[in-house]
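Single-letter residue listing:
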Amino acid sequence: MPNLQSSPLLAALPMGALILDHRLSVLEVNDAFLDLLEHTREQVSGTTFEDLLLTPIDEALTTLLSDDATQRLELDVRFTLQRGGILSASISVSRIPDSAENPPRLLAIVLRHAMDQTDVKPTTAADEVLSLIQAASWELELATERIYAPKTWCDLWGFSPDETIDHNDAIQRILPADREQVLAALRHACETTEPISIRFRVPDANGEIRWFESTGQMKTTEGSLTGRMYGVVMDITERCKIDQALARYADIVSSSPDRIAYVDRGCRLLAANTPFLRAAHRLQARNNIGYPFKDVCGDGPLTALLYRSLGRCLDRQDIVVEDIREIGRNGLPRDAEVRLFPHLDDQGAVAGIVINIRDVTQLRGSELRLRQSAAVYASTSEGVVITDADGTIVSVNSAFSQITGYTAAEVVGNKPNLLNSNWHPKRFFVRMWRQLLRSGFWQGEIWNRRKDGEIYWQKLTIRSIQDSRNRVVNFVGVFAESTANLGSAPRRAEHLIHYDALTKLPNRLLFESRLDHALELGQHKGALIATLLVDLDRFSHINSSLGHHIGDELLRAIAFRLRETVRPSDTLARLRADQFALIIEDIADPKEVEEIARRLQSTLGATIWVNGHEMFVTVSIGIAFNTGSDIERQTIIARAESALRLVKRQGRNGFRIATAGPAEPINDQQGMVELMRNGLRKNEFKVLYRIGHNLLTKDCSAVQARLHWTQREQGLIPPERFPLLTNDSGLLLELGQLTLHTACEQLQAWLSRGLAVESMLIGISEAQLVRSDLIKTLTLLVKENPLIAHRLELEFSESLLVKHREQIAEVFSGANRLGILTSLSEVGAGWTAPAVLQRLPIKTLGIHADFVECLSDSVHDQAVVQAVINMAQALNLSTRADGVRSDKQFNLLSNMGCNQALGDLCGEPLCAAEIQTFLDPNSAPSRSPTYKS
């Protein structure tokens, strides 16, 4: 072991110094160096110079030893301190002259050093005091972003006292949701030197969220732009929990309909909620709190029960539950359930009694009247079926009929197996009945069949009912249609919107959406797309002769065969009762489609057995390809329908491919475009207006502006036909701009006259959105018509939001800046995420007219409409139903919570003068568009 006693010369040096041999091992060291690094001689003994450093300098020192021309080096190094931390220093290293036979040695002297830079500050008396309240001081050096803090701070944050901690390390420990506000506070403190105080959350090692409150202030170093920030952080988790609990308990107690009070051991009233004081007729009295319970509540059954139970509650810590009978405000007796709870203080001693009083008059009466039938009618929204001990149905409720489609008369006297889907093996029912007979209870999920043949997933609970001798007399089954297989509410709503309830195939909405996508993709790739319309020949004869239930089973069987025949990548849909459609993409040769059509005919031509009936089906198929430039969905469907009609005229049971586009229809299309252009020049296009009604008050809530074409030969052509007539001719943009300008000018005129127009609805087409500078146009219109800004409401189809999301978001934002309202129409045909709607400045959701049209007859359409209304209410948006035609639709929408209605029921479209007559309060209306139920 080397002798580390320093030589007299080395010991006399006031600064730290040491001597190294040619292997850079420490030979001698003075006391000043040991004090500087807080080491002992024993700790340094046997070490190399590298063991004391964080800075690698071996290469430099080796060069100094080997190069005679270099006698001295000056280096910046970092020493490790014994107590932890780092010491930055500048050292001078020189060669010590020696005899030629001895290896050279080095003398290292610490010339200067920085202040102690340990991350763990020495613990002060103040730190010890702070640690008692789960708090710690901290310092942030802005130049290096290093944090200096005592051990208590490290324990709070979950750092080791031995590790170097910088600003980023601490920020990463903070919960991601709180990081930005912490960084913003620190930036503010640095920029303004103002003190900060902020709360944030930090997960601990166990994943539990801890609440911290930190204060801090910037302290600049004299003569420098950089400095340090000092502060204190405190763990306030327990305080937050207590605050939250107190707030929660206060809310519960104050909002509870029960009477709640608290008395101490001396039976003095220390707390009471409003229902308690109201029942005691002491709501306005001042001498309540702190007074004896008997003085506040008087003599009565409650006071008698409390004083009688003092010994049980205070001495034995029993919970007392008893009923009392009181006289109500109307002079009639009321039953009340009184619960007395002993309240323990922090030392576990009983400090008082919590009194809870609940009016159970109705409950006690119901228990007497409904004790035997409580198990049956536990939930009126679920289907209930009661059987006798042999399993024969004796009763069902109305929900049973709504879910299954069977009336009570059809099922009473039968066994429940008429609902069997035949999807479960026999052992499933053996286990179910074994458990039911053993325990009297079974619960699970099961596939069952409705009367119309639809298979559905059902959650079922079965209980046995026993008599006084424990003999089974009945079985009660309670069930509800399970939505677990459809996932979340949005996913279920989307399934209802886009899929046929009978065959589970995509419906027309989803088919058209996929066809649009396929055509767009085919145009981009230059690929051939085919659309096949498959009609069942004389299907109506089957329904009329064998019944609709046989027809529905046949449709399911046909859908199954079609799915087995086509590729998984092809889209198979059911468009209407007896018509299916098929989209085939990426076709290499048109002859492939002919082969597919023959295969479909062959597959469906084979014998189909349905409920014991042998059936033979033939089909007629119309085929169309996406030939031609910029072909659209309506065009290719029209071609396929044309081909299908030709097949039927030629005797059915065949297929035909539509031509690329006969000359006559194209000429007709071009002629219609010319007629429309001439109509524009001759002012045949007029903007007509329709009143929209508030479903609650039935008053005028909006005026809808739409362009109509009065054509000499064809009469009044509604705007719905414009896209089909104009196709890609560019007329849609011109027509849309005409509507927008005319309606804005008319709105300005009405508002100038002081007419009460709540809002003017104007539909915006895709051409206006994509091909024009819509915001620039709106800016000019608002400048020219300054009164319209907050009364103008622009309607955009939901499909535009899906197709042009970024562009429509910019338009919505620009319109919002101008004060123009925006709404989304035709909602329900697609599914727009609520999160997307929440980010856009939308006022109203317009329900698609297709769902409104079938609202009275289709529970599926009702479910879609209700889902849209519920979503709008959750997002604080209003709803408007388009295409309302009947009183039944109007009333259904009103009951569902819809806000506004538009359609034929609200009156026919009127010219501006007629609308003005209705809106002007100073003139008698010639005809009132106000809806009268």
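Refer to the structure presented above.
Reference entry: report on the structure contained in this document. This structure is a prediction, so every number in the text was calculated from the model and none was measured. The numbering scheme is per chain: residues are counted from 1 as the chain's sequence reads. Reporting in this predicted model follows two pLDDT cut-offs: at least 70 for local features of residues, and 80 or more for side-chain atom pairs to be given and counted; totals over whole chains, interfaces and linings ignore these cut-offs and use all residues. Side-chain numbers come from the whole structure's heavy atoms, not from hydrogens or water.

**Digging into the overall build of the chain**
So, point 1. Every helix listed is a DSSP run of H or I at least four residues long, and every strand listed is a run of E at least two residues long, numbered separately from the N terminus. Per the secondary structure count, the chain includes 35 helices and 36 strands.
So, point 2. Counting across all 933 residues of the chain, residues that qualify as buried make up 44%.
So, point 3. We call two residues in contact whenever any of their non-hydrogen atoms come within 4.5 Å of each other. Contacts spanning at least 24 positions in sequence make up 54% of the contacts within the chain whose residues lie at least 6 apart.
So, point 4. In short, Shrake-Rupley with a 1.4 Å probe defines the accessible areas, and a residue's cover is counted only from the protein chains shown. Carbon and sulfur atoms form 51% of the exposed surface of the chain, whose accessible area is close to 48,800 Å². Only protein chains enter the accessibility calculation, which uses a 1.4 Å probe. A residue is then buried if its area is under 20% of the maximum for its type, exposed if over 50%, and partly exposed in between.

**A word on the nonpolar core**
So, point 1. What we call a nonpolar core is a set of buried Ala, Val, Leu, Ile, Met, Phe, Trp, Tyr and Cys residues that are connected through their side-chain atoms within 4.5 Å. Counting residues in each nonpolar core, the largest one holds 77 residues, and the members touching the most others are Trp750 and Phe796.
So, point 2. In terms of residue count, the dominant contributor to this core is helix 26 (residues 731-752) (8 residues).
So, point 3. Ignoring sequence-local partners within four residues, the contact set of Phe796 consists of Ile764, Leu769, Leu774, Ile808, Val811, Phe812, Thr822, Ser823, Leu824 and Ser825.
So, point 4. One finds Leu532, Val534, Ile621 and Phe625 within the second-largest nonpolar core, a separate group that totals 34 residues.

**Things to note about the layout of surface pockets**
So, point 1. Put plainly, a pocket is an open set of points on a 1 Å grid over the protein atoms alone with protein on both sides within 12 Å along at least five of seven lines, a cavity is a set where a 1.4 Å probe fits but cannot get out, and a lining residue has an atom within 4 Å of a point. Grid points are joined across faces, edges and corners, and a volume is the space filled by probe spheres set on the points. Here the second largest pocket defines a volume of roughly 710 Å³.
So, point 2. Along the wall of the second largest pocket there are 27 residues; nearest its centre are Arg259, Ala279, Ala280, Glu326 and Ile327.
So, point 3. Among the secondary structure elements, those contributing two or more residues to the lining of the second largest pocket are helix 10 (274-279), helix 11 (293-297), helix 12 (301-308), strand 13 (320-327), strand 14 (333-344) and strand 15 (350-359).
So, point 4. The element best represented in the lining of the second largest pocket is helix 10, accounting for 4 residues.

**Comments concerning the pairing of strand 20 (residues 472-481)**
So, point 1. At least two bridges found by DSSP between two strands are what make those strands a pair. Here strand 16 (residues 383-388) runs beside strand 20; their pairing, made up of 6 bridges, is antiparallel. Directly across from Thr387, in strand 20, lies its bridge partner Phe475.
So, point 2. In terms of strand pairing, strand 19 (residues 455-466) meets strand 20 through 9 bridges, oriented antiparallel. The residue of strand 20 that forms the bridge with Ser464 is Phe475.

**Digging into the pattern of salt bridges**
So, point 1. In what follows, salt bridge is the name for a side-chain nitrogen of Lys or Arg lying within 4 Å of a carboxyl oxygen of Asp or Glu. Under the defined criterion, the tally for this structure stands at 35 salt bridges.
So, point 2. Notably, a salt bridge pairs Asp586 with Lys525, separated by 3.3 Å at the nearest N-O pair. Taken together, the residues span a long stretch of sequence, with Asp586 in strand 23 (residues 579-587) and Lys525 in helix 19 (residues 508-525) at a distance of 61 residues.
So, point 3. A salt bridge links Asp535 to Lys648, with the nearest nitrogen and oxygen atoms 2.4 Å apart.

**Topic: the packing of aromatic side chains**
So, point 1. Aromatic pairing here means that ring centres of Phe, Tyr or Trp (its six-membered ring) are within 6.5 Å. Orientation follows from the plane angle: under 30 degrees is stacked, over 60 is edge-to-face, and everything else is tilted. Applying the stated criterion across every chain, the model contains 15 aromatic pairs.
So, point 2. Pairing Trp433 with Phe475 gives two aromatic rings, centres 5.4 Å apart and planes at 90 degrees, and the pair type is edge-to-face. Separated by 42 residues along the polypeptide, Trp433 in helix 17 (residues 426-439) and Phe475 in strand 20 bring together distant segments of the chain.
So, point 3. A relative accessible area of 5% means that Phe475 is categorised as buried.
So, point 4. Here, over-ring charges are defined by two tests on the NZ atom of lysine or the CZ atom of arginine: distance to the ring centre within 6 Å, and angle to the ring normal within 35 degrees. Across from the ring centre of Phe159, 4.1 Å away, lies the NZ or CZ of Arg173, which sits over that ring.

**Examining the environment of Asp452**
So, point 1. Among the secondary structure elements, Asp452 is positioned in the loop between strand 18 (441-449) and strand 19.
So, point 2. With a relative accessible area of 33%, Asp452 lands in the partly exposed category.
So, point 3. With 97 residues separating them in the primary sequence, Asp452 and His549 have C-alpha atoms 5.8 Å apart.
So, point 4. Non-local contacts of Asp452, meaning those with residues more than four positions away in its chain, are made with Asp552, Glu553 and Arg556.

**Points about the state of the cysteines**
So, point 1. The criterion for a disulfide is a pair of cysteine sulfur atoms lying within 2.5 Å. Overall, the coordinates contain 0 disulfides when judged by the stated rule.
So, point 2. In this model Cys297 remains outside any disulfide bridge; the closest cysteine sulfur is found in Cys267, 9.8 Å from its own.

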